[in-house]
Amino acid sequence: MSHLLAPSLLASDFANLQRDVELVNASDAHWFHLDVMDGVFVPNISFGMPVMEAIARHAKKPLDVHLMIVDPDRYIQTFADLGADVLTVHAEACTHLHRTLGAIRQAGMKAGVALNPHTPVESIRDVAGELDLVCLMSVNPGFGGQSFIERTYAKTQALRATLDEEGASDVLIEIDGGVGMGNARALVDAGANVLVAGSSVFKADDPLKAASDLANA
Ligand code: DX5
Ligand code: ZN
């Protein structure tokens, strides 16, 4: 299976948000990646429901919503109503992760869990059957434009092995942070299925070409 590309709108021009949504619509990218930050789980605040509602009005591809917020259970139905297709919560923010993942699926979305760079892949083994996607953070979450953590290649391979052992080979592995043409192919070779790319798409001289290159890397 070839991989999917999910440009992160965090790196878009918020003053030209509709233009950048249309750019992704017209590109070879597969999903929209939407980073919701609360200033508590991560040291930054990005955007919330009203902005997501505006994005959803124009987006013509699946919405991959990455919640970097504490106690995400409070908003599962809200994000379902806003049109999220994939809803990813952080393992570090969920006391009852198994229940949370069940609630996400119950609300009709694909259930994702994100792991911070320090969180071992072993932490998803006992919920592998409740998952549709694991997002490996290849930077510390909170900001775009950070340097890729090289350890992520080994972590991707270890996660792929764990999912296979648990009979959960269909679970998608997504890599988020510092992804670009310098590491895209190697990440897919290590077992990644979805590449998130913020700066490497929207800060490129030619974002459409950058998206095409990354989608076909
Ligand atoms: C970081 C976010 C990422 C970010 C990636 O907390 O989860 O999705 O937008 O941005 P780049 O690709 O610039 O590292
Ligand atoms: Zn993200």
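Residues numbered from 1 in each chain as written. Chains lettered and ligands numbered in written order. Predicted model: local features only at pLDDT ≥ 70, side-chain atom pairs only at ≥ 80, totals over all residues. Heavy atoms only, no water.

**Observations concerning the coordination of the zinc ion (ligand 2)**
Rules: The donor set comprises N, O and S atoms within 2.8 Å of the metal, extended to 3.2 Å for Na, K and Ca; water molecules are omitted, so apparent gaps in a site may simply reflect that omission. Metal sites are grouped by the angles between bound donors: all angles between 85 and 135 degrees with four donors is tetrahedral, opposite donors over 155 degrees apart with the others between 65 and 115 is square planar for four donors and octahedral for six, and any other pattern is irregular. Categorising residues by exposure relies on relative accessible area from a 1.4 Å probe, with only protein chains included: less than 20% of the type maximum marks a residue as buried, more than 50% marks it as exposed, and the intermediate range marks it as partly exposed.
Protein-derived ligands of the zinc ion (ligand 2) are H33 (NE2), D35 (OD), H66 (ND1) and D176 (OD), with the metal-ligand distances lying across 2.0 to 2.3 Å. Metal-centred angles of 70 to 170° between the six donor atoms at the zinc ion (ligand 2) mark the site as octahedral. The sequence pattern formed by the donor residues of the zinc ion (ligand 2) is H-x1-D-x30-H-x109-D. The exposure class of D35 is buried, given its relative accessible area of 4%.

**Brief notes about the pairing of strand β1 (residues 4-7)**
Inclusion rule: Helix and strand definitions here come from DSSP, where helices need a minimum of 4 consecutive H or I residues and strands a minimum of 2 consecutive E residues; each element is numbered from the N-terminal end. Two strands pair under a simple rule: DSSP has to find at least two bridges between them.
On β1, burial covers both faces: L4 and A6 on one face and L5 and P7 on the other are all buried. Pairing analysis gives four bridges linking β1 to strand β8 (residues 194-197), with the strands arranged parallel. Paired with P7 across the bridge in β8 is A197.

**Quick look at the environment of S147**
As a reminder, the rule being used: Whether two residues touch is decided by their heavy atoms; if any such pair falls within 4.5 Å, the residues are in contact.
By secondary structure assignment, the location of S147 is in the loop between β6 (133-137) and α5 (152-165). Spatially, the C-alpha atom of S147 lies 7.6 Å from that of G177, the residues being 30 residues apart in sequence. Contacts of S147, omitting those with residues within four sequence positions, involve S138 and V139.

**Focus on the pattern of salt bridges**
Definition in use: The working definition used for a salt bridge is a side-chain nitrogen of Lys or Arg within 4 Å of a carboxyl oxygen of Asp or Glu.
Under the criterion given, the structure shown has ten salt bridges. Between D132 and R105 there is a salt bridge whose closest N-O contact spans 3.1 Å. Remark: R105 occurs in helix α4 (residues 97-106) and D132 occurs in the loop between β5 (110-115) and β6; sequence separation between them is 27 residues. A network of salt bridges, in which partner residues are shared, links E122, R125, E165 and E166.

**Let's talk about the side chain of S27**
Here is the rule we go by: Here a polar contact is taken to be a pair of N or O atoms separated by no more than 3.5 Å, where protein atoms must pair a possible hydrogen donor with a possible acceptor and residues adjacent in sequence count only if both atoms sit in side chains.
Take S27: it is sitting in the loop between α1 (17-26) and β2 (32-37). In terms of polar contacts, S27 uses its side chain to reach the backbone carbonyl oxygen of V24, at 2.8 Å. Once residues within four sequence positions are removed from consideration, S27 is found in contact with K61, L208 and A211.

**A few points about the side chain of S46**
For S46, the position within the fold is in the loop between β2 and α2 (49-58). S46 sits in the buried class, given a relative accessible area of 18%. Within polar-contact distance, the side chain of S46 engages the backbone oxygen of D35 at 2.6 Å. A polar side-chain atom of S46 sits 2.9 Å from the main-chain amide nitrogen of M37. Setting aside residues no more than four positions away along its own chain, S46 makes contact with L10, D35, V36 and M37.

**Some words on the site of ligand 1**
Here is the rule we go by: We define proximity as follows: a residue is near a molecule or strand when any one of its heavy atoms falls within 4 Å of that partner.
Neighbouring ligand 1 are 20 residues, the closest being G142, D176, G178, G198 and S199. In the model, an oxygen atom of ligand 1 is placed 3.4 Å from a nitrogen or oxygen of the H33 side chain. Of all the secondary-structure elements, those providing two or more residues to the shell around ligand 1 are β2, β3 (63-68) and β8. Looking at which element gives the most residues to the shell around ligand 1, the answer is β2, with three residues.

**Details of unusual backbone geometry**
With a phi close to 50°, D71 is a non-glycine residue in the positive phi region. We classify D71 as partly exposed; its relative accessible area is 38%.

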